[in-house]
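Per-entry structural report
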Amino acid sequence: MSGLLQVEDLHVWFDLQDGGELHAVQGVSLAIDPGERLGLVGESGGGKTTTALAVMGLLPPSASAAGRVLLDGEDILAGGEATIRPHRWVDIAIVFQGAMNALNPVRTVASQIVEVLELHGQAKGARARVQAGELLESVGIPAGRGERFPHELSGGMRQRAAIAMALSCRPRILIADEPTTALDVMVQAQILELLDALCRDFGLALLLVTHDLPVVAQLCDQGTVMYAGEIVERGSVDDIFHAPRHPYSRLLFAATPDLDGEGDEVASIPGAPPRLDRALEGCPFRPRCDRAFSPCVSLRPRLQTVGERHAAACHLNGVPEDARERQR
Amino acid sequence: MSVNGNRPLLEVEDLVVRYPVARGLVGTVTRTPKRSVHAVDGVTLSVRAGELLALVGESGCGKTTTAQAVLRLVDPVSGAIRFEGREISRLGARSLRPLRRRMQIVYQDPYESLDPRLRVRATVEEPLLIHGLGGSKAERLEQVRAALARVELSPPELFLERFPHELSGGQRQRVAIAAGLVLEPKLLVADEPVSMLDVSVRAGVLQLLDRLRENGLGILMITHDLSTAARFADRIAVMYLGRIVEEGPAREVIHDAQHPYTRALLSVVPRRDPRHRKRPQILTGETPDAVRIPSGCRFHPRCPVAIDDCRIHDPELHHPRDARTSEHKAACILV
């Protein structure tokens, strides 16, 4: 596997006002190949967005990160802003949930894309304007509408414009953080179809960050489930849904009503995620888990292979002999 | 399902709500005709005691305005609203007051709807004070406890003295529901009650509503989420551009949808199972604006199966030929 993007043992800490530290991302490793669609799921506070921001080098000043983020084998995290800048937008781009916040309200959509193109030396003047028009059309915004201001566009059109802007420099990886969360279901379907086509037709790799499992089930090949700052399961979306090896993945699906799952018992997961401003002992999911047993109290499970491209961090899959040692 | 066979708790007939559109300076000077947003344009629905009706549709379709009109928070232009058999659409503020406690609302965002400075006890007690109900201080506390127990925040002692910021999202929404229930309403309007909550706790709040419904509460739930409606509603009404275009028992609307809009909506709902990937029927364009409602069937410009007649004929809700039950209705001339 070529590994277009590899994240290795990523940690992120936030400084808290009271002097404490919040360990938001606790040793996350993941890899994306060209054209692959990876869904990063879990409830809020699980570290999904922080992971995405760390990869983009967009963490706020109160955060510090450790680990490696490799793009084509080159570490873009270690050197800080200097090492990520040449790649941001050019190789990796991101779109956020609120497209309105990503767009400048006092400039037309097309002129903002022209600015990005010129800034990154992609094109100049008339050529840049033509390219901006093409980009907008490629995401389904008719040429004339590019001359409008963000507030004159609907939510769906704004999200398309934000995607067009993110694609200006033809990145190979697109990170989409809850790209459809604020949108209506029909508009969501339009945006998902667009993302699908971009991956299929241009070999774009997609890291989709969302709490919406059905969206991942429909759009992604691979799924990664995060809980309390770490990955608790990863595998094909089919494995995670049909053969989950971590109770959190199973319970998360069971908490999601499905249009066809008429007789299904839809159940909440009791309790709440642990606080990340203090050290965790044992399995972070144990207090909410319906299958916890004695090793879960003191021993933190590590991600272990449970099948082909399938791994889970749960003692139900076997407690490794040397785990106690490693735990020290 | 409803047990109270006779009269629905709430009956809305041909409800119309319009909002004026600001003309702006130029419009005023040039005397451009005044226009209005036809937010609700002839809605008919009913909710029985012990029944949950889900009103579904995309943003801007008028579902929230319908709910607000039912509660008389906005004034309808025309139409009838009968609550417990009594026409309330023209009642003044004074006569409405005793009715208000019998119909309560729960809003979408429990982070906004709860006063951050009030303890849970005060939040739940407040409606009693406003309506001058509940007797002595001790009696009121007893009712607050009972309301907290009904929303499964137990033991109540654990929550009485807490502030909203000390509660999780799910717990906050339960407190908001308790503040509605303390007045012992007959009808609860729940406007997107779980959309701001984390996936892991949504089901719990929905199950709570389900149990309240079993105990006789009538619930009008506004939602954009068809999966939730499919699982928790007795009946579903689908709204498009100010009208109900399809209505019937939940399972019929989901599994035997008649209106092309409902069918398209259902086809784009993402399923949990990755093996269940269907080709969604994506409608192009967006919902037209409610100032200029298309002629004939309001859905015809986006309808994949529209015929010429659809541009002229405005269809009424009727029992479709092939529908399996008589309670199933759709507004489409093709069915």
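Keep in mind it's a predicted model, so treat the numbers as computed, not measured.

**Quick notes on the overall build of chain B**
- If you tally the helices and strands in chain B, you get twelve helices and eleven strands.
- In terms of overall dimensions, chain B has a C-alpha envelope of 70 × 60 × 40 Å along the principal axes.
- The 335 residues of chain B split such that 49% are buried.
- Sequence separation of 24 or more characterises 67% of the internal contacts of chain B that already satisfy a separation of 6 or more.

**Remarks on the pairing of strand β2 (residues 21–32) of chain A**
Residue and element names in this part refer to chain A.
- As paired strands, strand β1 (residues 5–15) and β2 are joined by nine bridges and run antiparallel to one another. Residue D15 lies in a different strand from β2, and its bridge partner there is E21.
- The turn joining β1 and β2, which pair antiparallel and follow one another in sequence, is formed by five residues; a positive phi near 95 degrees is taken by G19.

**Remarks on the interface of chain A and chain B**
- In this complex, chain A contributes 33 residues to the contact, which on the side of chain B involves 33 residues.
- Listed by contribution, the elements that provide at least two residues to the side of chain A that touches chain B are α7 (185–202), α8 (213–219), α9 (237–242) and α10 (247–254) of chain A.
- Of the residues belonging to the side of chain A that touches chain B, the class tally is 18 nonpolar, eight polar and seven charged.

**Looking at the nonpolar core**
- Formed by 199 residues in total, the largest nonpolar core has its most connected members in I175 of chain A together with A178 of chain B.
- There are two domains that each give this core at least three residues, and those are domain 1 (5–91 + 171–327) and domain 2 (98–170) of chain A.
- In this structure, A178 of chain B is in contact with V124, A147, L148, R150, V151 and L153 of chain B, ignoring residues within four places of it in sequence.

**Overview of the sheet that holds strand β6 (residues 92–95) of chain A**
All names here are of chain A.
- Strand order in the open sheet formed by eight strands is β6-β7-β8-β3-β9-β10-β12-β11, and the pairing between neighbours is mixed. Whereas interior strands pair on both sides, the edge strands pair on one side only; in this sheet they are β6 and β11 (304–307). For this sheet, the mean inter-axis angle between neighbouring strands, taken without regard to orientation, is 25 degrees.
- Looking at chain direction, strand β3 (residues 37–41) and strand β9 (residues 222–227) are connected through four bridges and run parallel. From the neighbouring strand, V41 faces β9, where its bridge partner is V225.
- Along the sheet face, α10 touches β9 and β10 (230–236) and points at about 100 degrees away from the line of β9.

**Structural notes on the pairing of strand β4 (residues 78–83) of chain B**
Residues and elements named next belong to chain B.
- As paired strands, strand β1 (residues 10–20) and β4 are joined by five bridges and run antiparallel to one another. Residue pairing across strands places L10 opposite F83, the latter belonging to β4.
- The pairing of β4 with strand β5 (residues 86–87) spans two bridges and is antiparallel. Across the sheet, R82 pairs through a bridge with E87, a residue of β5.

**Some points on unusual backbone geometry**
All names here are of chain B.
- Here the amide bond leading from S154 into P155 is cis, since omega sits at -5 degrees, within 30 degrees of zero.
- Tracing the backbone through its elements, the reader meets P155 in the loop between α6 (137–150) and α7 (157–160).
- Here E152, not a glycine, exhibits a phi torsion of approximately 65 degrees, which is positive.
- If you trace the backbone, E152 turns up in the loop between α6 and α7.

**Re the domain arrangement of chain A**
All names here are of chain A.
- Segmentation of chain A into domains returns domain 1 (5–91 + 171–327) and domain 2 (98–170).
- Between domain 1 and domain 2, the C-alpha centre-to-centre distance is 30 Å.
- Of the residues contributing to the side of domain 1 that touches domain 2, the split by class is ten nonpolar, one polar and no charged.

**As for the sheet that holds strand β8 (residues 218–223) of chain B**
Residue and element names in this part refer to chain B.
- Reading across from one edge, β6-β7-β8-β3-β9-β10-β11 is the order of the seven strands in this open sheet, with mixed pairing throughout. In the strand order of this sheet, the two ends are held by β6 (103–106) and β11 (329–330), each with one partner.
- Looking at chain direction, strand β3 (residues 52–56) and strand β9 (residues 235–240) are connected through four bridges and run parallel. Bridging from a neighbouring strand, L55 pairs with A237 of β9.

**Describing α10 of chain A**
- α10 of chain A sits mainly inside the fold: seven of its eight residues count as buried.
- Buried within α10 of chain A we find P247, Y248, S249, L251, L252, F253 and A254 of chain A.
- Packing partners of the buried residues in α10 of chain A comprise α8, β9, β10 and α9 of chain A together with α9 (199–214) of chain B.

Calculation rules
- Residues numbered from 1 in each chain as written.
- Chains lettered and ligands numbered in written order.
- Predicted model: local features only at pLDDT ≥ 70, side-chain atom pairs only at ≥ 80, totals over all residues.
- Helix = DSSP H or I, 4+ residues; strand = E, 2+ residues; numbered from the N terminus.
- Buried ≥ 20, exposed ≤ 12 C-beta atoms within 10 Å, placed from the backbone.
- Contact = placed C-beta atoms within 7 Å.
- Pairing = 2+ DSSP bridges.
- Nonpolar A, V, L, I, M, F, W, Y, C, P; charged D, E, K, R; others polar.
- Core = buried A, V, L, I, M, F, W, Y, C linked by C-beta atoms within 7 Å.
- Domains from an automatic or database assignment.
- Axes fitted to C-alpha atoms, helices over the stretch in contact; angles between N-to-C directions.

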